[in-house]
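Remarks on the overall topology
Chain by chain, the residues run as shown.
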Amino acid sequence: MQQTTINAIRILSAEAIQKANSGHPGLPLGSAPIGYALFQNFLKFNNLDVKWDNRDRFILSAGHGSMLNYSLLYLYGFGLTKDDLARFRQLGSKTPGHPEYGQTLGVETTTGPLGQGIANAVGMAVAEAHLAAKFNRKGFPIVDHYTYAICGDGCLEEGISYEACSFAGANNLGKLIVFYDDNDITIEGNTDITFKEDVAKRFEAQNWQVLKVDLVKKPDDVKSLCAAIKKARKNKKKPTLIICKTHIGYGSPLEGSEKCHGAPLGEDNVQKTKETLGWTCKEPFEVPWEVLKHTSTPGAKGAKLEQDWKNLFAKYEHQYPELAKEYKAAMSGELPDLEQIEGMFDFEKPSATRQSSSVILNKIAALVPSLVGGSADLAPSNLTQMKDTDTVTYGDFSPANYAGRNIHYGIREHAMAAIANGIQLHGGLRCFCSTFFIFTDYCKNAMRLSALMNIPVLYILTHDSIGVGEDGPTHQPVEQLIALRSIPNMKVYRPADGKETAAAWISAMTGTAPTALVLSRQTLPQYAKSGLGALKGGYILEDCKGRPDIILIASGSEVEQCIGAKAELHKEGLKVRVVSMPCMEVFEQQDAKYKESVLPSSVKARVCVEAASPYSWYKYAGENGEIIAMDTFGTSAPGPVLFDKYGFTVKNIVEKAKKSLDRVED
């Protein structure tokens, strides 16, 4: 039945891709025995409770081969039906073109951008190691599972995979096992035209165990696959790469050719593949009942394993009631009332918002033991270190202390963001990561996936504007704010002072979407009337009596200049309202009545001020408003000099306000 099941995976995949007239048949045909060996013999899961805490995690990093995943989920009872397979890549189906978290039961993360899945897997292995170190006690392995991933040549050509795998090797993540579908083919042909390194030696140099299985000489060698997986599971000191030499499109007339990588085989070739593999079922998506009986065994075994785990947890709860309570709170995402944390809004002296964030981070971390995170080698600049106190010890995550909550990612921004996604997806932890705002260009793909998956990773991004100063245009963000604001479902907070920073943290911790917290390097004043209004995204920071003549709108450090301009305009008898707009996305979620109360449509004279690209601001400026922003790169000079050079001054705001008012009156 083993061989028939492997072929069922192949045929179901080929049929679904052919019916959709779209997809990638090559990987499922070649890697079917890998999926079978893992799901049938090793993967710990309960298909009736797919979110069981202690399940193994499986990630298809080579997400274009999604039909391999869907065929496995169908055969192993995760709730997919024949109709779901037949609706592959169709509108609203449970079988989208690439695996999507939240859309298909059993899919642990959204993959497709190559290399992201490997980094997600590293994050899940980090989470497992941390939670095990924190909660397990002798005789009580409450957290004890593996993370498996399948990648391809494309994943390993992407730089993110080596960032992530270097991190995994440095941290001895021995419960991470990656299968490398080494078929030597990408879209343009044989990988030899561009990808010639010795992958085994490279991974060995990164402190990985490397094993090899030849599925070319013996295409369905499940025995050797199982032996390799057993050996991988025994090595708890190193992650393992199992290099599986395969033939892309195995069993089809296009076997070994790039032509089967990203296009359907064609009706005739699907039929010939069935004949080659000895497939006798006549109807599309039909499999022998014996196959379904065979594949029902692992799920039934998993159900018993989960019940055994529940029984063990009951004993654990009796013996370690406080630990069990903390574990359940962590897994449920339980949080204290952050607004009531003592001193949360106590900011009196001027400070950079990165400094305010550091204070808030440590206040929250002391009360939220599930909070973990770190920086891409910039913690002393980002101020993201969770600092030990008399009552709380955080420590650094490392092979010597997996319970440590400060993670040192190294100079690996792209992998850091994707690893953070994996940590968050695992469950039981709230994750932040940090770098300079300019380096979100490196993080962007993973940040986009955070938003797509709707997971609340917090990105702490400091050195937010030309205020960075002397480091010059390579380190001065200009277009990054609009880039992040353009991502659907991403909250981008740029607070003006400490209390707004506290509100941004509360929004990030209590929401389900990812949040970018964009913070200043330079010192900013504290405002008497700032604070929880920032939870609405935009609010009136300073007002006038009656209807304003002019509205000044800004975020972050430029609020200070608007406050100064208000005072100057007031001297000339003009009524001015200052609106702080720390988060446009949240402001846009407010009802029309609230938005009108802050930005009345009857007030046409407006000035929007932000030391970044102007493109966010046109809808708030209106046809008569003015925008003071950056339409060039910055330059190397002290921050105050640059603010003067580029017009972020009280004088310029006053002039623009009068210009807008004149335009309205004309």
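For the structure itself, consult the block above.
From a predicted model like this one, the values you see are computed outputs, not experimental measurements. (Residues numbered from 1 in each chain as written. Predicted model: local features only at pLDDT ≥ 70, side-chain atom pairs only at ≥ 80, totals over all residues. Heavy atoms only, no water.)

Considerations on unusual backbone geometry
- Positioned with a positive phi, asparagine 172 is a non-glycine residue whose angle comes to about 55°.
- One can find asparagine 172 in the loop between helix 7 (159-170) and strand 3 (176-182). (Helix = DSSP H or I, 4+ residues; strand = E, 2+ residues; numbered from the N terminus.)

A short note on the environment of lysine 645
- Along the chain, lysine 645 falls in helix 23 (residues 639-645).
- Judged by its relative accessible area of 55%, lysine 645 falls in the exposed class.
- Once the C-alpha coordinates of lysine 645 and alanine 611 are considered, the two residues, 34 residues apart in sequence, prove to be 12 Å apart. (Buried < 20%, exposed > 50% of the residue type's maximum accessible area, 1.4 Å probe, protein only.)

Thoughts on the sheet that holds strand 16 (residues 576-580)
- The strand order across the open sheet built from 5 strands is 14-16-15-17-18, with neighbouring strands paired in mixed fashion. Both outer strands of the open sheet, strand 14 (539-542) and strand 18 (626-628), are each paired with one neighbouring strand and no more. Strand-to-strand, the axes of this sheet are offset by a mean angle of 25°, without reference to chain direction.
- Here 5 bridges tie strand 15 (residues 550-554) to strand 16, and the two strands are oriented parallel to one another. Across the sheet, residue isoleucine 551 finds its bridge partner in strand 16, namely arginine 577.
- Packing against the sheet, helix 19 (residues 559-571) makes contact with strand 14, strand 15, strand 16 and strand 17 (606-609), and its axis sits at approximately 165° to strand 15. (Pairing = 2+ DSSP bridges. Axes fitted to C-alpha atoms, helices over the stretch in contact; angles between N-to-C directions. Contact = heavy atoms within 4.5 Å.)

Remarks on the packing of aromatic side chains
- Taken as a whole and judged by the stated rule, the model has 28 aromatic pairs.
- With centroids separated by 5.6 Å and ring planes inclined at 25°, the aromatic side chains of phenylalanine 167 and tyrosine 409 adopt a geometry described as stacked. With phenylalanine 167 in helix 7 and tyrosine 409 in the loop between strand 9 (406-408) and helix 15 (413-426), this pair connects stretches of sequence that are 242 residues apart. Just as phenylalanine 167 is buried, tyrosine 409 falls in that class too.
- Taking the centre distance of 6.5 Å and the plane angle of 55° together, the rings of tryptophan 309 and tyrosine 327 count as tilted. Residue tryptophan 309 is located in helix 11 (residues 289-319), and its partner tyrosine 327 is located in helix 12 (residues 321-332); the two are separated by 18 residues in the primary sequence. (Phe/Tyr/Trp six-rings, centres within 6.5 Å; stacked < 30°, edge-to-face > 60°.)

Considering the packing of helix 1 (residues 2-20) against helix 10 (residues 267-277)
- Close contact between helix 1 and helix 10 brings their axes to 10 Å; oriented N to C, the two are set at 170°. In terms of their interaxial angle, helix 1 and helix 10 are classed as roughly antiparallel. Where helix 1 abuts helix 10, its residues Asn7, Arg10, Ile11, Ala14, Glu15 and Gln18 lie against Glu267, Val270, Thr273, Lys274 and Leu277.
- Each residue belonging to the contact of helix 1 with helix 10 can be placed in one class, and the counts come to 4 nonpolar, 3 polar and 4 charged. (Parallel < 35°, antiparallel > 145°, perpendicular 65-115°, else oblique. Nonpolar A, V, L, I, M, F, W, Y, C, P; charged D, E, K, R; others polar.)

A word on helix 1
- Its 19 residues place the ends of helix 1 28 Å apart at the C-alpha level, agreeing with the 27 Å of an ideal helix rising 1.5 Å per residue.
- Judged by how many residues are buried, helix 1 sits mostly within the fold: 15 of 19 residues are covered.
- Immediately downstream of helix 1, the backbone of asparagine 21 shows phi near 55°, a positive value. (Expected span 1.5 Å × (residues − 1).)

Looking at the environment of lysine 238
- In this fold, lysine 238 is placed in the loop between helix 9 (222-234) and strand 7 (240-245).
- Using a relative accessible area of 31% as the deciding quantity, one classes lysine 238 as partly exposed.
- For the pair lysine 238 and alanine 168, spaced 70 residues apart in sequence, the C-alpha to C-alpha distance is 8.4 Å.
- Each residue touching lysine 238, except ones within four places of it in the same chain, is listed here: Leu173, Gly174, Asn207, Trp208 and Gln209.

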